[in-house]
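An overview of the molecular structure
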Amino acid sequence: MTRDEIIKQVNGVLAEEFEVEENTLSPEANVKETLSLDSLSLVDLVAIIQQTYKIKIPVTDLRSIQTFNDLYNYIESHLAQ
Amino acid sequence: MERKVVITGMGIWSCLGKTLEEVRDSLYTGKSGIIFSQERKDAGFRSALCTNVERPDLKPFLARNLRQFLPEEAQYAYIATRDALENAGLDQDYLNTHEVGILYGNDSTAESTMHALDKFREFKDTAACGSGAIFQSMNSTITMNLACLFKLRGINLTASGACASSSHAIGLAYLLIRDGLQDCIICGGAQEANMYSVASFDGLQAFSVRENEPEKASRPFDRDRDGLIPGGGGATVILESYESAVKRGAPILGEVVSWGFSGNGDHISTPNVAGPARSLELCLKNGGIDIRQIGYINAHATSTRAGDGREAQAIAQIFGDYKVPVTSTKSQTGHEMWMAGASELIYSMLMMKNNFIAGNLNFENPDDETACINIVPETREAHFDMFLSNSFGFGGTNSTLIVKNIASK
């Protein structure tokens with residue numbers, strides 16, 4: 001999967017799940033703020049990435065994911081493994 | 001001093017309609033909400049009969065992170081409660097500044113529990129269940145959600161009493177208000193209508209198999225009844241002290257005048273006559289009601305052979321020579337189970353306020369057990385000022401409510 005394909009798919013899945021406009025998901029935007037995630041709905045982000053890519057994001061790694069770029073990078077690097 | 005407890009609002013989402021007006025018209029015209037479901041047949045159901053209940057779209061009212069906590073039954077409860085509050089003239093400002101409680105009947109969260117655990121087993125990770133799973137899969141899901149959504153600060157409790165759940169909820173709320181412990185309580189019941197919630201029930205061979213004639217399948221008290229049809233939806237009634245209702249100029253629709261209850265102390269699924277009879281007797285006695293004051297009985301009768309017969313015997317035992325008109329609205333709605341106590345109170349209220357008795361669909365011939373009571377087969381104009389509503393459930397739990405008319409201003 002290319003990075004562009006990952007970005008396209010991640011944005012599509014997250015926009016649908018969290019009911020936001022896809023064009024608000026810019027690479028530098030903050031994930032939590034853009035998706036209005038609180039401590040509970042953060043679990044849904046972990047669940048949807050796991051269901052889509054079979055990648056489990058541990059809590060320690062989650063803290064380091066601030067922007068959508070961080071998220072794309074995380075998925076890209078773990079898909080490559 | 002005991003206080004008068006009145007009904008100031010009603011809201012419903014059922015197979016007979018999504019507003020009080022739609023439901024009133026469906027009751028009057030004898031509409032059946034029962035359908036054949038190919039999905040259930042393909043899935044392996046013995047009986048693929050169910051009711052046609054639309055899922056409400058809550059997007060206009062609730063953000064995604066709040067909807068995430070609501071399983072199907074809580075969605076029905078939410079929409080019915082919104083309507084009931086509006087009907088009662090209760091806005092969010094009032095709820096924010098007064099102690100209003102919630103006491104709702106619910107006795108399953110099967111589909112949401114199943115989905116969450118399916119995800120857990122598939123991914124071998126508890127986080128895969130998602131954030132809403134725990135709140136969706138607890139039996140108190142409706143009261144916990146609605147209390148937060150409407151910012152309620154009074155009693156917050158779910159009543160689980162099988163198919164008498166919401167009747168018990170209303171009865172308990174009546175007591176709390178009567179005795180001065182609460183001024184206003186949102187009461188009701190909701191029932192998930194998905195097939196997973198009743199798959200094991202279908203396995204007991206308790207459902208009608210008259211699949212070629214869905215609208216003829218639910219036939220309470222009829223000689224040829226062969227089982228119930230599972231239904232669902234949500235129904236909410238607002239109970240309030242008379243003083244509170246008058247103080248805020250609320251519409252007063254009726255008065256809950258008594259509650260009676262009993263346990264059979266017998267078989268888990270086979271009903272008897274003595275238990276229901278004691279529930280009826282206690283309800284009449286508690287309210288100091290003479291049987292001839294009751295103008296209509298909304299029976300529990302679900303269209304099962306044993307249940308309908310025993311209930312008819314119990315009614316006949318208590319009412320004797322007085323042939324009070326009896327119908328079961330389950331002939332139209334199927335068995336709304338946890339919701340039934342509340343929905344049937346609303347159905348009866350709509351009849352009382354609009355001067356008719358909705359006919360008991362498909363009652364063509366009585367049998368030896370059901371011939372002893374006066375079943376109304378077709379809708380007729382009728383004025384009555386007091387009705388009695390029965391709800392009975394597995395484990396031999398029985399609940400009876402009596403409601404009196406209060407003329408609209």
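Residues numbered from 1 in each chain as written. Chains lettered and ligands numbered in written order. Predicted model: local features only at pLDDT ≥ 70, side-chain atom pairs only at ≥ 80, totals over all residues.

Structural notes on the overall build of chain B
When its secondary structure is counted, chain B shows 16 helices and 15 strands. Expected size for 409 residues packed as a compact globule is a radius of gyration near 22 Å; at 20 Å, chain B falls within 12% of this value. (Helix = DSSP H or I, 4+ residues; strand = E, 2+ residues; numbered from the N terminus. Rg over C-alpha atoms; globule rule 2.2 N^0.38 Å.)

Examining the overall build of chain A
A count of helices and strands for chain A gives 5 helices and 0 strands. Along chain A, helices and strands appear, N-terminal first, in the series α-α-α-α-α. For a compact globule of 81 residues, the expected C-alpha radius of gyration is about 12 Å, and chain A comes in at 11 Å, within 12% of that figure. Intrachain contacts of chain A at a sequence separation of at least 6 include 54% that bridge at least 24 residues. (Contact = placed C-beta atoms within 7 Å.)

Topic: the interface of chain A and chain B
The parts lose accessible area when they come together, and the size of an interface is often stated as this lost area. Counting residues at the interface gives 13 residues for chain A, matched by 9 residues for chain B. With 6 residues, the single largest contributor to the side of chain A that touches chain B is helix α3 (residues 42–53) of chain A.

Digging into unusual backbone geometry
Residues and elements named next belong to chain A. Within the chain, Ser36 stands out as a residue other than glycine whose phi angle is a positive 55°. The residue Ser36 is located in the loop between α2 (31–35) and α3 in this model. The exposure class of Ser36 is partly exposed, given the 13 C-beta atoms found within 10 Å. (Buried ≥ 20, exposed ≤ 12 C-beta atoms within 10 Å, placed from the backbone.)

Considering the pairing of strand β8 (residues 254–263) of chain B
Working note: regular strand, side chains alternate between the two faces of the sheet. Residue and element names in this part refer to chain B. The element β8 is largely enclosed, with a buried count of 8 among its 10 residues. One ladder, built from 3 bridges, connects strand β1 (residues 5–13) with β8; its direction is antiparallel. Pairing of Val6 across the sheet is with Glu255, part of β8. (Pairing = 2+ DSSP bridges.)

A look at helix α4 (residues 72–88) of chain B
Here α4 of chain B spans 24 Å end to end across 17 residues, near enough to the 24 Å set by a 1.5 Å rise per residue. α4 of chain B sits mainly inside the fold: 15 of its 17 residues count as buried. (Expected span 1.5 Å × (residues − 1).)

Points about the sheet that holds β1 of chain B
All names here are of chain B. Strands sit in the order β5-β4-β6-β7-β1-β8-β15-β14-β9-β10-β12 across an open sheet of 11 strands; the sheet is mixed. Across the chains shown, the open sheet's two edge strands, defined by having one partner strand only, are β5 (156–159) and β12 (374–375). Note that strand β9 (residues 296–298) and strand β14 (residues 386–393) share 3 bridges and pair parallel. Residue pairing across strands places Asn298 opposite Ser389, the latter belonging to β14.

Brief notes about the packing of helix α1 (residues 3–18) of chain A against helix α5 (residues 68–80) of chain A
Residues and elements named next belong to chain A. Relative orientation of the contacting elements α1 and α5 amounts to 120°, with a least axis distance of 10 Å. Between α1 and α5, the crossing angle belongs to the class labelled oblique. Judged by the twist between their axes, the crossing of α1 over α5 is right-handed. Mapping the contact onto sequence places Arg3, Ile6, Ile7 and Val10 in α1 and Leu71, Tyr72, Ile75 and Glu76 in α5. When the residues that make up the contact of α1 with α5 are grouped by side-chain class, the tally is 6 nonpolar, no polar and 2 charged. (Axes fitted to C-alpha atoms, helices over the stretch in contact; angles between N-to-C directions. Parallel < 35°, antiparallel > 145°, perpendicular 65-115°, else oblique. Left-handed = near helix turned anticlockwise from the far one by under 90°. Nonpolar A, V, L, I, M, F, W, Y, C, P; charged D, E, K, R; others polar.)

Section: the packing of helix α1 (residues 20–29) of chain B against helix α16 (residues 340–354) of chain B
Residue and element names in this part refer to chain B. Interaxial distance between α1 and α16 falls to 10 Å at its minimum, and their mutual angle equals 80°. One element, α1, and the other, α16, form an angle in the roughly perpendicular class. Of α16, the residues touching α1 (which contributes Leu20, Val23, Arg24 and Leu27) are Tyr347, Leu350, Met351 and Asn354. Of the residues that constitute the contact of α1 with α16, the class distribution is 6 nonpolar, 1 polar and 1 charged.

Remarks on the environment of Glu54 of chain B
Topologically, Glu54 of chain B is positioned in the loop between β3 (49–51) and α3 (64–67). When the C-alpha positions of Glu54 of chain B and Gly233 of chain B are compared, they lie 8.6 Å apart, and in sequence the two are 179 residues distant.

A look at the pairing of strand β6 (residues 184–191) of chain B
Residue and element names in this part refer to chain B. Counting buried residues along β6, 8 of its 8 residues qualify, which places the element largely inside the surrounding structure. Across the two faces of β6 the burial is the same, with Cys184, Ile186, Gly188 and Ala190 and Ile185, Cys187, Gly189 and Gln191 all buried. With 6 bridges connecting them, strand β4 (residues 100–105) and β6 associate as parallel partners. The residue bridging Gly105 from the neighbouring strand is Gly189, located in β6. Pairing analysis gives 8 bridges linking β6 to strand β7 (residues 233–241), with the strands arranged antiparallel. Note that in β7 the partner of Gln191 across the bridge is Gly233.

Thoughts on the environment of Ile294 of chain B
Residues and elements named next belong to chain B. Mapped onto the secondary structure, Ile294 falls in the loop between α13 (274–287) and β9. A sequence separation of 49 residues divides Ile294 from Ala245, and the C-alpha atoms of the two residues are 25 Å apart. Residues within four places of Ile294 in sequence aside, it is in contact with Ile289, Val324, Met386, Phe387 and Leu388.

Here we look at the environment of Thr236 of chain B
Residues and elements named next belong to chain B. Within the element layout of this structure, Thr236 appears in strand β7. Taking the C-alpha atoms as reference points, Thr236 and Trp338, separated by 102 residues in sequence, lie 12 Å from one another. In contact with Thr236, other than residues within four places in its own chain, are Gly11, Ala77, Ala80, Thr81, Ala84, Ile186, Gly188 and Ala342.

Let's talk about the nonpolar core
If you look at the biggest cluster of nonpolar residues, it comprises 111 residues, and the most contacted ones within it are Ile170, Ala173, Cys187, Val237 and Leu239 of chain B. Beyond its immediate sequence surroundings of up to four residues, Ile170 of chain B is in contact with Cys187, Val237, Leu239, Val256, Gly341, Ala342, Leu345 and Leu401 of chain B. Of all hydrophobic cores here, the second largest spans 20 residues; its members include Val10, Leu35, Ile49 and Leu71 of chain A. (Core = buried A, V, L, I, M, F, W, Y, C linked by C-beta atoms within 7 Å.)

Observations concerning helix α8 (residues 141–149) of chain B
All buried positions along α8 of chain B are accounted for by Thr141, Ile142, Thr143, Asn145, Leu146 and Ala147 of chain B. With its phi angle positive at about 55°, Lys151 of chain B sits one or two positions after the end of α8 of chain B.

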